[in-house]
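# Fold and geometry: a report
Listed below, chain by chain, are the residues.
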Amino acid sequence: MSETAMAVVQLETEDHQPENGFVSPETESPGLLTRIDDCVLPFLGGFGKYQRQLIVLTWIPALFIGFSQYSDEFLLAQPNNTCVPPTANTTNFTIIPSSLFHGPNNSFPRTAAYVYYNGTHNNTARHLQHCMCKEWTFELHTGLMQNVVTKWSLVCDSAWKVHIAKFSLLVGSIFGYLVFGVLADWFGRHPVLIISVLFMLVFGLTVAFSVNVPMFSTLRFFEGFCLAGIALSLYILRIELCLPAWRFSMTMVASFVVLGGQLLMPGMAYVCRDWQVLQAVIICPLLLMLAYIWIFPESLRWLLATQQYGRSKWIMGHIIKKNQVNPELDTDHILTELQNALHKKPKKTCIVKMVGTRNLWKNIVVLCVNSLTGYGIHHCFARSMMDHHETHESTMFHNFYADYYTMAGIAVASCMALCPAVGLMGRRGGLLMFMIITALASLLQLGLLNLLGKYSVHLNIGTVQPSVCLLFILVGTHSDTLNKNFSIAFSIIGMFSSHAVSNLSIFFCAEITPTVIRGGGLGLVLASAGFGMLTAPIMELHNQKGYFLHHIIFACCTLICIICILLLPETRYQPLPETLADGECYTRQPLMPPKKPGEQRLLLAQSESSRDYTRVHDTPLHEAAVDSLSRSAITSDHTTHNIIQSCTNISVETRCVIAHERTVKT
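Residues numbered from 1 in each chain as written. Predicted model: local features only at pLDDT ≥ 70, side-chain atom pairs only at ≥ 80, totals over all residues. Heavy atoms only, no water.

As recorded by an unreviewed UniProt entry, the protein carries the name Desmocollin-2 and is attributed to Oncorhynchus kisutch.

### Concerning the packing of helix H8 (residues 213–241) against helix H9 (residues 247–272)
When two helices pack together, their arrangement is given by the angle between the helix axes and by the axis-to-axis distance. Relative orientation of the contacting elements H8 and H9 amounts to 150°, with a least axis distance of 9 Å. Here H8 lies roughly antiparallel to H9, going by the angle between them. Crossing hand, H8 versus H9: right-handed. Where H8 abuts H9, its residues Tyr235, Arg238 and Ile239 lie against Arg247, Met250, Thr251 and Ala254. A breakdown of the residues in the contact of H8 with H9 according to their chemical character gives four nonpolar, one polar and two charged. (Axes fitted to C-alpha atoms, helices over the stretch in contact; angles between N-to-C directions. Helix = DSSP H or I, 4+ residues; strand = E, 2+ residues; numbered from the N terminus. Parallel < 35°, antiparallel > 145°, perpendicular 65-115°, else oblique. Left-handed = near helix turned anticlockwise from the far one by under 90°. Contact = heavy atoms within 4.5 Å. Nonpolar A, V, L, I, M, F, W, Y, C, P; charged D, E, K, R; others polar.)

### Section: the pattern of salt bridges
The tally for this structure, following the rule as stated, stands at nine salt bridges. Residue glutamate 223 pairs with arginine 220 through a salt bridge whose shortest N-O separation is 3.1 Å. Residue glutamate 223 and its partner arginine 220 are both found in helix H8; the two are separated by three residues, about one turn of the helix. Residues glutamate 223 and arginine 220 agree in their burial class; the two are buried. Note that glutamate 511 and arginine 247 form a salt bridge whose closest N and O atoms lie 2.8 Å from each other. Linking glutamate 511 in helix H18 (residues 479–512) with arginine 247 in helix H9, this pair joins segments that are 264 residues apart in sequence. Residues glutamate 511 and arginine 247 agree in their burial class; the two are buried. Shared partners join several salt bridges into a network, and the residues in it are Asp185, Arg189, Glu240 and Arg518. (Salt bridge = Lys/Arg side-chain N within 4 Å of Asp/Glu carboxyl O. Buried < 20%, exposed > 50% of the residue type's maximum accessible area, 1.4 Å probe, protein only.)

The following block contains the structure:
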């Protein structure tokens, strides 16, 4: 063989750097053990009796998670407070209750003070608040007789400590999602669950014995940290137990259980009457989860994906026994392949490897932005609705329970609408629809209502058409009434759709992320959701300054999310990806089905090997190579055919350029 042919052969066997700076995920020949949804789980009984029992065990703690997540609404609720004046010179003091300066919204601090007033002062002195009280009287509307605010009198100059306490649980949850997500991929889902439960019991019960606000806030941080580990590990275990057709329905049931905890919290607060008793009642049921050490196994999907075949063999045998499966029906010889793979070493992956992928990191980033936007703008809509609560006493939102159950009812309605929407349109279609509704509600609330308030005063009812006049009579000719009604309507619609966006983004990420890094990927999206929820106490800490700009920023984010959602793939009825290579194969498809049967469905190529280079001999590059060969006096037809055939089989066209240069040198 000539030197030219040897150069081409050497070019094919050399190691080449990855294109565009990306690190290609390691690929192996697909075996039956990596096809868990298609081969392994159906052989083990599919979604059998044992799997259903484990799913129920993941639902029960969801109720306790709901208690903890919504406990701030009661432990840190702001009471109506009144200053008790000094006993001396009481005739010079006027007692001013907090309701004079603040509405009945329990979400924001109410302060009260006594104002020194006599005939020498003007009437503006009545509107000045001097937090100089040493004794207060409080009135809670949450069912509790005492909470953290009333115990340590966190009003006036100490009101900022309430917001720090609210930060603690959320910030702890954010760090918990990030840390436990990585640990779940490295050590397994089961150890993370058990460790989180143990420390949750320690820190949660210690919170009830806090002696001051700093101790309470610090312990709440660690409580949120451990709560994130429990929620994350249970979510992953639930997803990885189910077959494709059952994943979404089982996840939505767990969401309804969490909302059930939210609905039951007012009753528990009324029964407990004291915040310390309520905290203990919320945490103590987690003692039952200590039994999960023995009754809940490690995720079989994660063990197979990380090549821990020794532990996988034992768990598969246990499932076969529980589901009463006949091993002799193993027509695919799964157990034989498992036995032959026992010598392989475990192979674990960190979430950092996601950076080297082409498509996977983009999908996760898009879903992080969606989750952040959904939870962030949800607070904007809630705040807008509460603004009308404070300024319009005739509205339906007149006390704590009305506010609380309105928010909970909107969340329940959102989950109920999410089920048929995702069933009809899929994950991507449902997410796109709810994001569009969120964007429209936000833009209409920001733009249309301002126009109505600006131009309604210039409208002359007598000069307009009768139909327009009738419309104004129906909705109320007063611009404030019209603005209030539309704003409440758009707020409810926005809260409804943004809640659906947040839940679906989290579930979508759990399906797109491969098993080997599912903990880290899901932790990123849940942490992004935590950042979105963190905007609420931040705005309260700044006394709602910049609220309008805050809403505008998130409204712009919804428009960006609408475009980015189109880049996501559809995962309905698809098997979960197990490795990074499987995650890269999840590519976007058109929203509408192809019109022709033979039309290509995928808009992006699934792999490099699927490219067609059969027409490479028609390119100018090939003609230049042939001319160079003829000028080099290589007359052997057989050698020329080998060179051309080698160039044809090269997957990257730039290799032929190198071969041509080497040919010229020879």
